[in-house]
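A structural walkthrough
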Amino acid sequence: MMTTAIGEHGIELEIGGMTCASCAARIEKKLNRMEGVTATVNYATEKAQVAVAAGSGVRTADLIATVEKTGYTAGVPEPPAPAPVAGEAPGDAAGDTLAPLRQRLLISVALSVPVILLSMVPPLQFTYWQWLSLTLAAPVVAYGAWPFHKAAWTNLRHGAATMDTLISMGTLAALGWSVWALFLGHAGMPGMTHPFELTIGRTDGSSAIYLEAAAGVTTFVLAGRYFEARAKRRAGAALRALMELGAKDVAVLRDGREIRVPTGELRVGDRFVVRPGEKIATDGTVVEGSSAVDASMLTGESVPVEVSPGDGVTGATVNAGGRLVVEATRVGADTQLARMARLVEEAQNGKAAAQRLADRISAVFVPVVIALALGTLGYWLLTGAGAVAAFTAAVAVLIIACPCALGLATPTALMVGTGRGAQLGILLKGPEVLESTRRVDTVVLDKTGTVTTGVMTLTEVHVADGEEEAQVLRLAGALEHASEHPVARAVAEGAASRTGAALPTPEDFANVPGLGVQGVVEGHAVLVGREKLLNDWSQSLPSGLAAAKAAAEAEGRTAVTVGWDGAARAVLVVSDAVKPTSAEAVRRLRALGLTPVLLTGDNKAVAEAVAAEVGIDEVIAEVLPEDKVAVVERLQAEGRSVAMVGDGVNDAAALARADLGLAMGTGTDAAIEAGDLTLVRGDLRAAADAIRLARATLGTIRGNLFWAFGYNVAALPLAAAGLLNPMIAGAAMAFSSVFVVGNSLRLRRFKPLARTEARG
């Protein structure tokens with residue numbers, strides 16, 4: 001049997017059969033009791049990360065056996081499936097894992113609707129309607145509710161009670177009593193009806209059936225489970241998005257010829273060609289050519305990295321300049337991209353899923369209901385009311401205690417909340433997200449692409465005495481427009497935007513590797529680039545321009561010098577500009593009680609300048625991509641509950657590790673999939689609205705759960721007193737469901753904070 005290694009003695013297992021977070025806790029407890037074993041089990045991803053001490057003798061088969069003895073399934077994950085072919089949906093290759101649950105739900109809906117209508121609408125009750133109801137309801141309780149019965153039995157064997165226990169107990173009690181009343185009581189008599197009476201009074205239990213409660217509860221809760229499972233299915237999407245970032249094929253040099261091969265066939269020592277605009281296939285060392293490499297997606301650095309022979313490059317980064325020949329130094333699972341994928345997976349598995357509120361309530365509620373039912377039975381028997389009256393009252397307690405709205409409480413609020421969020425450009429992933437939003441007190445903001453635009457922009461123009469800014473931009477922009485370098489593009493776009501006119505075409509152009517560009521524009525011999533390029537042509541910067549250049553570089557920005565016809569004329573400052581909405585966003589986050597922290601891989605001077613501009617006091621700079629997770633963990637170790645906002649691949653693991661991950665929708669797929677919330681427009685102000693919406697949705701779910709139990713708990717005394725008639729049981733089921741849906745619909749009125757005009 002193959003194992004997936006996590007570290008030297010680590011194993012990853014796929015766990016099946018979990019229905020709630022308490023299941024994960026039970027498996028984790030059993031595994032950790034094994035000698036030399038340390039395990040964490042994640043309900044959301046359905047995986048266990050197991051560390052086995054050296055020399056313990058524990059094998060993979062022993063771990064699997066322990067999980068199976070606990071009542072669940074376990075196995076080693078299959079190797080990753082190949083990427084889907086063109087036109088094939090991502091889920092097609094592996095099959096639709098939701099199909100069995102969807103089939104169970106559809107069959108239950110088709111069978112339950114007639115049962116509920118027959119029981120609740122007296123005019124539809126024909127002579128033998130009760131037998132048709134039994135025929136339709138029995139498969140719903142046996143087949144539709146089978147997952148609940150199975151989970152309840154597993155919980156019972158381990159002395160636990162969850163929502164599944166409550167559902168199983170209530171539906172079986174309703175069906176069992178109805179079968180007894182039909183076959184041994186008076187309910188099976190021709191012409192029996194359920195009159196539409198909500199009056200409170202003693203009824204003959206032998207003529208009452210509760211089939212609509214049994215079928216309705218099962219169907220409503222199945223619907224809730226289906227919507228939850230559909231959201232949870234996305235758990236592994238972050239890893240797929242990460243692995244899809246790499247180049248799919250590569251031009252390898254073999255015997256002096258370029259041969260196109262799949263990236264997976266690369267070996268250490270192979271040399272391959274990377275043309276401008278192409279992704280670098282794997283980690284390696286440049287052996288020929290020079291260029292600028294855009295590594296912002298992986299590192300967060302906003303300034304492109306200049307590379308030449310001897311410099312290292314990272315797979316999945318983009319060659320923005322000239323042709324490169326690279327020698328592969330790491331391939332496959334050893335690359336930085338693969339290591340980041342492992343970081344994301346470990347972060348997801350280490351993230352404790354919020355235990356469902358319904359299960360926490362059920363753990364207390366179920367034993368109380370069982371005790372009340374037994375007390376009711378004993379009371380009626382001791383008072384001499386007879387066995388039928390005693391069992392009627394006791395079973396009525398079990399039936400009325402099972403609220404169908406419990407299954408709707410979370411999914412309906414989530415559906416309305418996520419729908420409203422989508423209208424506002426906020427995407428919520430699932431119920432696990434919501435618990436975190438209430439506790440979050442610190443928000444960590446990635447700089448590049450989150451607080452800033454993530455794109456190099458011309459921000460300042462300093463001209464020598466006697467020069468006109470428009471002329472400087474016209475000549476420098478024309479020359480830079482002919483270059484492929486990212487800084488050159490920023491200058492060209494800024495020049496065109498500021499002058500509002502088309503740039504002239506250079507009459508002559510040449511790239512000076514590592515220094516800049518030179519050429520002839522409108523009869524002027526123009527130089528644009530590093531100060532050394534101008535010095536080589538004896539064009540030294542006057543004191544004013546030298547001071548402007550020094551000030552820009554002290555803040556970590558890029559200074560581009562411009563000269564023509566033998567004299568230095570200007571200094572252009574290029575930087576990653578702060579988004580106009582970021583300062584307002586930081587104020588709004590503070591108003592929600594959150595402490596903002598700026599986190600970046602950029603140098604400290606750049607980070608502090610950006611932080612000062614938007615109003616952030618705490619700055620953590622010069623952080624490597626793999627260390628961002630460590631920063632989040634350190635803040636959590638200080639007792640903080642951390643929200644992380646980011647947009648790059650380098651943020652994905654930190655987004656997954658944080659208590660709440662907010663991904664900018666303008667960022668990479670890996671970051672979006674690793675986050676809990678996605679801000680579609682890339683406007684940081686939406687982060688405050690996202691947290692407000694998530695908190696409102698959580699509040700609605702809590703209210704729903706209260707009322708889901710409330711209507712039924714209110715009827716418990718009637719059941720214990722033997723005064724519960726079937727119509728009241730059905731009405732409690734219907735009213736609680738209607739209330740829950742209505743309460744959830746209030747989220748459609750959620751309003752974002754008023755937008756103020758962004759600064760210019």
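All figures in this text were calculated on a predicted structure; none of them were measured in a lab.

1. Focus on the overall build of the chain
Secondary structure assignment for the chain yields 26 helices and 26 strands. Pairs at least 24 apart in sequence give 71% of the contacts found in the chain among residues at least 6 apart.

2. Some points on the environment of Val560
For Val560, the location among the structural elements is in strand β20 (residues 558-564). Residue class for Val560 comes out buried when judged on its relative accessible area of 4%. A C-alpha to C-alpha distance of 8.4 Å links Val560 and Ala570, two positions ten residues apart in sequence. Beyond its immediate stretch of four places on either side in the chain, Val560 contacts Glu480, Val487, Val528, Gly529, Ala570, Val571, Leu572 and Val574.

3. Quick look at the UniProt feature "transmembrane region" (unreviewed entry) in the chain
Under the present numbering, the feature "transmembrane region" (unreviewed entry) in UniProt falls on residues 105-122, 128-146, 166-188, 208-227, 361-382, 388-410, 705-721 and 727-745. Note that residues 166-188 is 78% helix and 0% strand, and that its end C-alpha atoms are spaced 28 Å apart. Annotated as 85% helix and 0% strand, the span residues 208-227 places its first and last C-alpha atoms 34 Å apart.

4. Topic: the sheet that holds strand β10 (residues 305-307)
The strand order β10-β9-β12 describes an open sheet built from three strands, whose pairing is antiparallel. Two strands close off the open sheet at either side, each with one partner strand: β10 and β12 (318-319). The pairing of strand β9 (residues 291-294) with β12 spans two bridges and is antiparallel. Among the inter-strand pairings, Asp294 is bridged to a residue of β12, identified as Val318.

5. Some thoughts on the packing of helix α6 (residues 163-183) against helix α12 (residues 387-400)
Two quantities define a packed helix pair, namely the angle between the helix axes and the distance between the axes. Contact geometry for α6 and α12: axes closest at 8 Å, N-to-C directions at 145 degrees. For α6 against α12, the interelement crossing comes out left-handed. Contacts from Met169, Gly170, Ala173, Ala174, Trp177 and Trp180 in α6 reach Val388, Phe391, Thr392, Val395, Leu398 and Ile399 in α12. Classifying every residue of the contact of α6 with α12 by side-chain character gives ten nonpolar, two polar and no charged.

6. Here we look at a nonpolar patch on the surface
On the surface, Val109, Val113, Leu117, Val121 and Leu124 cluster together to form a nonpolar patch covering roughly 360 Å² of accessible area. Looking at Val113, the relative accessible area reads 41%, which means it is partly exposed.

7. Things to note about the pattern of salt bridges
Any two side chains of opposite charge can pair, so long as their charged atoms come close to each other. As enumerated under the stated definition, the model contains 30 salt bridges in all. Notably, a salt bridge pairs Arg275 with Glu258, separated by 2.9 Å at the nearest N-O pair. Separated by 17 residues along the polypeptide, Arg275 in the loop between β7 (271-274) and β8 (283-288) and Glu258 in strand β6 (residues 257-262) bring together distant segments of the chain. Ionic pairing is found between Asp651 and Lys628, a salt bridge with its closest N-O pair at 2.8 Å. With Asp651 in helix α23 (residues 649-657) and Lys628 in helix α22 (residues 628-637), the pair connects residues that are 23 residues apart, well separated along the chain. Using a relative accessible area of 0% as the deciding quantity, one classes Lys628 as buried.

8. Brief notes about helix α2 (residues 60-69)
Residues of α2 that are buried include every one of Thr60, Leu63, Ile64, Thr66 and Val67, and no others. Looking straight down α2, one finds that the buried residues subtend no more than 160 degrees of arc, so they occupy a single side.

9. Details of the sheet that holds strand β5 (residues 249-254)
Here we have six strands laid out as an open sheet, ordered β6-β5-β7-β13-β8-β11, and antiparallel in their pairing. Edge positions in the sheet fall to β6 and β11 (312-313), since each of these pairs with one other strand and no more. As defined by bridge partners, β5 adjoins β6 across six bridges and the pair is classed as antiparallel. By the bridge assignment, Leu253 is partnered in β6 with Glu258.

10. Remarks on the packing of helix α3 (residues 99-120) against helix α4 (residues 129-144)
Interhelical geometry of α3 versus α4 gives an angle of 150 degrees and a closest axis separation of 9 Å. Between α3 and α4, the interaxial angle falls into the category roughly antiparallel. Seen along the crossing, α3 lies across α4 with a hand that is left-handed. Between α3, through Gln103, Arg104, Ile107, Ser108, Leu111, Ser112, Pro114, Val115, Leu118 and Ser119, and α4, the contact on the second element is made entirely by Trp129, Leu132, Ser133, Leu136, Ala137, Pro139, Val140, Tyr143 and Gly144. Of the residues contributing to the contact of α3 with α4, the split by class is twelve nonpolar, six polar and one charged.

11. Things to note about the environment of Ser133
Secondary-structure assignment places Ser133 in helix α4. Here the alpha-carbon distance between Ser133 and Tyr210, two residues 77 residues apart in the chain, equals 9.9 Å. Apart from residues no more than four positions distant in its own chain, Ser133 is found in contact with Val115, Leu118 and Leu211.

12. Here's the deal with the pairing of strand β22 (residues 595-599)
Among the five residues in β22, four count as buried, and that is most of the element. Here strand β15 (residues 442-446) pairs with β22 via five bridges, running parallel. Paired with Asp446 across the bridge in β22 is Leu599. Relative to strand β23 (residues 618-620), β22 runs parallel, the two being bridged by three bridges. Bridge assignment links Leu599 to a residue of β23, and that residue is Ile620.

13. Some points on the packing of aromatic side chains
For the structure on display, the rule yields five aromatic pairs. With 5.6 Å between their ring centres and 80 degrees between their planes, Tyr379 and Trp380 make a pair best called edge-to-face. Between Trp707 and Phe739, the aromatic rings sit 4.9 Å apart at their centres with planes inclined by 50 degrees, giving tilted as the arrangement. Residue Trp707 is found in helix α25 (residues 685-720), and its partner Phe739 is found in helix α26 (residues 726-745); the two are separated by 32 residues along the sequence. Chaining the aromatic ring pairs together yields one cluster made of Phe706, Trp707 and Phe739. Directly above the aromatic system of Tyr143 lies the positively charged group of Arg104, at a separation of 4.6 Å from the ring centroid.

14. Focus on the confidence of the model for the chain
This prediction gives the chain a mean pLDDT of 81; 83% of its residues lie at or above 70. Here helix α8 (residues 237-243) stands out as the least confident element of the chain, with mean pLDDT 57; β22 is the most confident, with 95. Here residues 1-9 is a poorly scored stretch, pLDDT under 50, and it has 21 contacts once near neighbours within four places are set aside; other chains count.

15. Re α23
Buried residues dominate α23, accounting for nine of its nine residues. Among the residues of α23, those classed as buried are Val649, Asn650, Asp651, Ala652, Ala653, Ala654, Leu655, Ala656 and Arg657.

16. Section: the environment of Ser290
Along the chain, Ser290 falls in the loop between β8 and β9. With relative accessibility at 32%, the residue Ser290 sits in the partly exposed group. On a C-alpha basis, the gap between Ser290 and Asp311 in space is 9.5 Å, while along the polypeptide they are 21 residues apart. When near neighbours in sequence (up to four residues on either side) are disregarded, Ser290 contacts Val307, Ser308, Gly322, Arg323, Leu324 and Pro513.

17. Points about the pairing of β5
Hairpin remark: β5 followed by β6, antiparallel, with two residues in the connecting loop; positive phi at Asp255, about 55 degrees. Relative to β7, β5 runs antiparallel, the two sharing two bridges. Among the inter-strand pairings, Val252 is bridged to a residue of β7, identified as Phe272.

18. Examining unusual backbone geometry
Unusually for a residue other than glycine, Asp255 sits at a positive phi of about 55 degrees. Mapped onto the fold, Asp255 is located in the loop between β5 and β6. Residue classification places Asp255 among the exposed residues on the basis of a relative accessible area of 82%. Positioned with a positive phi, Asp565 is a non-glycine residue whose angle comes to about 50 degrees. Structurally, Asp565 can be placed in the loop between β20 and β21 (567-578).

Here is what the cut-offs are and how they apply
- Residues numbered from 1 in each chain as written.
- Predicted model: local features only at pLDDT ≥ 70, side-chain atom pairs only at ≥ 80, totals over all residues.
- Heavy atoms only, no water.
- Helix = DSSP H or I, 4+ residues; strand = E, 2+ residues; numbered from the N terminus.
- Contact = heavy atoms within 4.5 Å.
- Buried < 20%, exposed > 50% of the residue type's maximum accessible area, 1.4 Å probe, protein only.
- UniProt positions renumbered as here; feature names shortened; annotations may be inferred.
- Pairing = 2+ DSSP bridges.
- Axes fitted to C-alpha atoms, helices over the stretch in contact; angles between N-to-C directions.
- Left-handed = near helix turned anticlockwise from the far one by under 90°.
- Nonpolar A, V, L, I, M, F, W, Y, C, P; charged D, E, K, R; others polar.
- Patch = residues over 30% accessible without salt bridge, like charges linked within 9 Å, V, L, I, M, F, W, Y side chains within 5 Å.
- Areas by Shrake-Rupley, 256 points an atom, 1.4 Å probe, with all protein chains shown as cover.
- Salt bridge = Lys/Arg side-chain N within 4 Å of Asp/Glu carboxyl O.
- Arc of directions from axis to C-beta.
- Parallel < 35°, antiparallel > 145°, perpendicular 65-115°, else oblique.
- Phe/Tyr/Trp six-rings, centres within 6.5 Å; stacked < 30°, edge-to-face > 60°.
- Lys NZ or Arg CZ within 6 Å of the ring centre and 35° of its normal.
- pLDDT = per-residue confidence, 0-100.

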